[in-house]
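So you can see what is in the structure, the chains are spelled out below.
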Amino acid sequence: MRKTESQKIALCGVLGALSVVLMLVGAALQVGTYAAPMFAAFLAIPVLEEYGPRYALLLYGTVSVLALLLVPETELALFYVLVVGYYPVLRRTLRKVKPTALRWLIKFLVFNAATALVYGLLFALFGPAVLQELTADGTGVLVLLLALGNLSFFLCDRAIGAVSRYYRVILRKKLKHFF
């Protein structure tokens, strides 16, 4: 079946709206600051698999703008925009990097740099209150949070790989009539 532009735009629109809703729910529940953007990034996988990185990045850009405008929790929106929203496309691009250790080094460097940028922007926007909140429990807790963030990122990377394979092997056949 030939994929028309309107089909591509419709799928991107539906998945984009669902991504924003996921982030709004994460902000409303006040427990999804990091999980909601990660789940929203998973929704780019069908677009990436079916239509390629161009449409996936278009979806990311649209969701990013909407998240910044509509999601009341700035940290959550920035985490999507700067850390995980584009990651499925970056992950596909980094598959070409050999050896595997270098690929993982790049992934973790990008994640940590983007996370530092998020908190740098939050500090610039909201001032010293952000720094006080981060250091309130001491440096040890901050290091533990960073380690747990890196573990979450590793698990997110593995989940994106598993969901991508599941989509290619099983879901694509079942959904071929829709797109």
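Please read all numbers here as calculations on a predicted model, not as lab measurements. (Residues numbered from 1 in each chain as written. Predicted model: local features only at pLDDT ≥ 70, side-chain atom pairs only at ≥ 80, totals over all residues. Heavy atoms only, no water.)

1. Focus: the nonpolar core
- If you look at the biggest cluster of nonpolar residues, it comprises 45 residues, and the most contacted ones within it are Met-23, Val-47, Val-71, Tyr-80, Val-83 and Val-84.
- Counting residues per element, the ones that place at least two in this core are helix H1 (5-29), helix H2 (35-42), helix H3 (45-51), helix H4 (53-70), helix H5 (74-84), helix H6 (87-94), helix H7 (100-126) and helix H9 (139-175).
- A per-element tally of this core places H5 first, with eight residues. (Core = buried A, V, L, I, M, F, W, Y, C linked by side-chain atoms within 4.5 Å. Buried < 20%, exposed > 50% of the residue type's maximum accessible area, 1.4 Å probe, protein only. Helix = DSSP H or I, 4+ residues; strand = E, 2+ residues; numbered from the N terminus.)

2. Looking at the packing of aromatic side chains
- Applying the stated criterion across every chain yields a total of ten aromatic pairs.
- Pairing Tyr-60 with Tyr-86 gives two aromatic rings, centres 5.9 Å apart and planes at 80°, and the pair type is edge-to-face. Of this pair, Tyr-60 sits in helix H4 while Tyr-86 sits in the loop between H5 and H6, and the two are 26 residues apart along the sequence. Tyr-86 carries the same exposure label as Tyr-60, and that label is buried.
- The ring of Trp-104 carries Lys-107 above its face, with NZ or CZ at 4.3 Å from the centroid. (Phe/Tyr/Trp six-rings, centres within 6.5 Å; stacked < 30°, edge-to-face > 60°. Lys NZ or Arg CZ within 6 Å of the ring centre and 35° of its normal.)

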